[in-house]
Amino acid sequence: MTTAESTPAAPRRRVSVRRQQLAEEFLASMKALKRRMELAVPADLSEEVGGVTTHQLEALVWLMSSPGGIPMNDLARAQGVGLSSCTALADRLVRHGLAERSADPTDRRVVRLAATARAQASVEHFQKERRAVLIELLAALDDDEVATVNRLLGAMARAASPEAQR
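None of these values were measured; they are calculated from a predicted model.

Thresholds applied
- Residues numbered from 1 in each chain as written.
- Predicted model: local features only at pLDDT ≥ 70, side-chain atom pairs only at ≥ 80, totals over all residues.
- Heavy atoms only, no water.
- Helix = DSSP H or I, 4+ residues; strand = E, 2+ residues; numbered from the N terminus.
- Expected span 1.5 Å × (residues − 1).
- Buried < 20%, exposed > 50% of the residue type's maximum accessible area, 1.4 Å probe, protein only.
- Arc of directions from axis to C-beta.
- pLDDT = per-residue confidence, 0-100.
- Contact = heavy atoms within 4.5 Å.
- Axes fitted to C-alpha atoms, helices over the stretch in contact; angles between N-to-C directions.
- Parallel < 35°, antiparallel > 145°, perpendicular 65-115°, else oblique.
- Nonpolar A, V, L, I, M, F, W, Y, C, P; charged D, E, K, R; others polar.
- Patch = residues over 30% accessible without salt bridge, like charges linked within 9 Å, V, L, I, M, F, W, Y side chains within 5 Å.
- Areas by Shrake-Rupley, 256 points an atom, 1.4 Å probe, with all protein chains shown as cover.
- Salt bridge = Lys/Arg side-chain N within 4 Å of Asp/Glu carboxyl O.
- Lys, Arg positive; Asp, Glu negative; His and termini not counted.
- Charge placed at Lys NZ, Arg CZ, Asp CG, Glu CD.
- Left-handed = near helix turned anticlockwise from the far one by under 90°.

A.B. asks: Please provide a residue-by-residue account of helix α7 (residues 117–138), values included.
C.D. replies: Spanning 22 residues, α7 covers 32 Å between terminal C-alpha atoms, matching the ideal 32 Å at 1.5 Å per step. Those residues of α7 lying buried are Ala119, Ser122, Val123, His125, Phe126 and Val133. Relative to the axis of α7, the buried residues are bounded by an arc of 165 degrees and lie together on one face. Turned more than 90 degrees away from the buried face of α7, the exposed residues are Ala117, Lys128, Arg131 and Ile135.

A.B. asks: I'd like a description of the confidence of the model for the protein chain, backed by residues and values.
C.D. replies: Averaged over every residue, the pLDDT of the protein chain is 83; the share at 70 or more is 87%. Per-element confidence in the protein chain ranges from a low mean pLDDT of 42 for helix α1 (residues 3–6) to a high of 93 for helix α8 (residues 143–160). Residue range residues 1–7 is modelled with pLDDT below 50. Its contacts to residues more than four positions away, or to other chains, number one contact.

A.B. asks: A description of the packing of helix α4 (residues 54–64) against helix α6 (residues 83–95) should follow, citing residues and the corresponding values.
C.D. replies: Where α4 meets α6, the axes come as close as 11 Å, and the angle between the chain directions of the two elements is 85 degrees. As far as their axial angle goes, α6 and α4 are roughly perpendicular. Across from His55, Gln56, Ala59, Leu60 and Leu63 in α4, the residues of α6 making contact are Leu89, Arg92 and Leu93. Residues that form the contact of α4 with α6 fall into these classes: five nonpolar, two polar and one charged.

A.B. asks: Describe a negative patch on the surface, listing the residues and the values that go with them.
C.D. replies: Taken together, the side chains of Asp142, Asp143, Asp144 and Glu145 define an acidic patch exposed on the protein surface. With respect to the helices, strands and loops of the structure, Asp144 is situated in helix α8. On the basis of relative accessibility, which here comes to 61%, the residue Asp144 falls in the exposed class.

A.B. asks: Run through the packing of helix α2 (residues 17–38) against α7, naming residues and quoting values.
C.D. replies: The interhelical angle for the contact between α2 and α7, taken along N-to-C directions, is 140 degrees, at an axis separation of 9 Å. In terms of axis orientation, α2 runs oblique to α7. Here α2 runs over α7; the crossing is right-handed. The segment α2 lies against α7, with Leu33, Arg36 and Met37 engaging Arg130, Val133, Leu134, Glu136 and Leu137. Broken down by class, the residue content of the contact of α2 with α7 amounts to five nonpolar, no polar and three charged.

Structure representation (structure tokens):
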């Protein structure tokens, strides 16, 4: 029995045709924006870090936010992937010299993953490029519209957080 089969589905409320259309438009926009952000990784940066993906660079951003590294379970949760996928991701980062595994000093069953010094410059370059593309995309909106988008996306993010699901 899979987890999905063992967990009862939450009752779904009836959704209007208009809301379904809006959801489809939202998904299409998100897909286009995600693709544009993925294209923001310059070829020289990709080559510099051994061809790692945007997903891997985003994982490094998480690792950089915690100097002592983070437990693999926490990284998996942050990336929205299973532990086995996170392990494969960690393997690639370690192989490229961008991360190191270590035992947790308080619980040897826990494996921590930390970014290496080599990863720091790459992450800073990635964030600079991603920020520049986002600023370029936001130029289509005025400041009040950007503030509204931020407020609405923040509300959606809070509703999607694990705490809100309880």
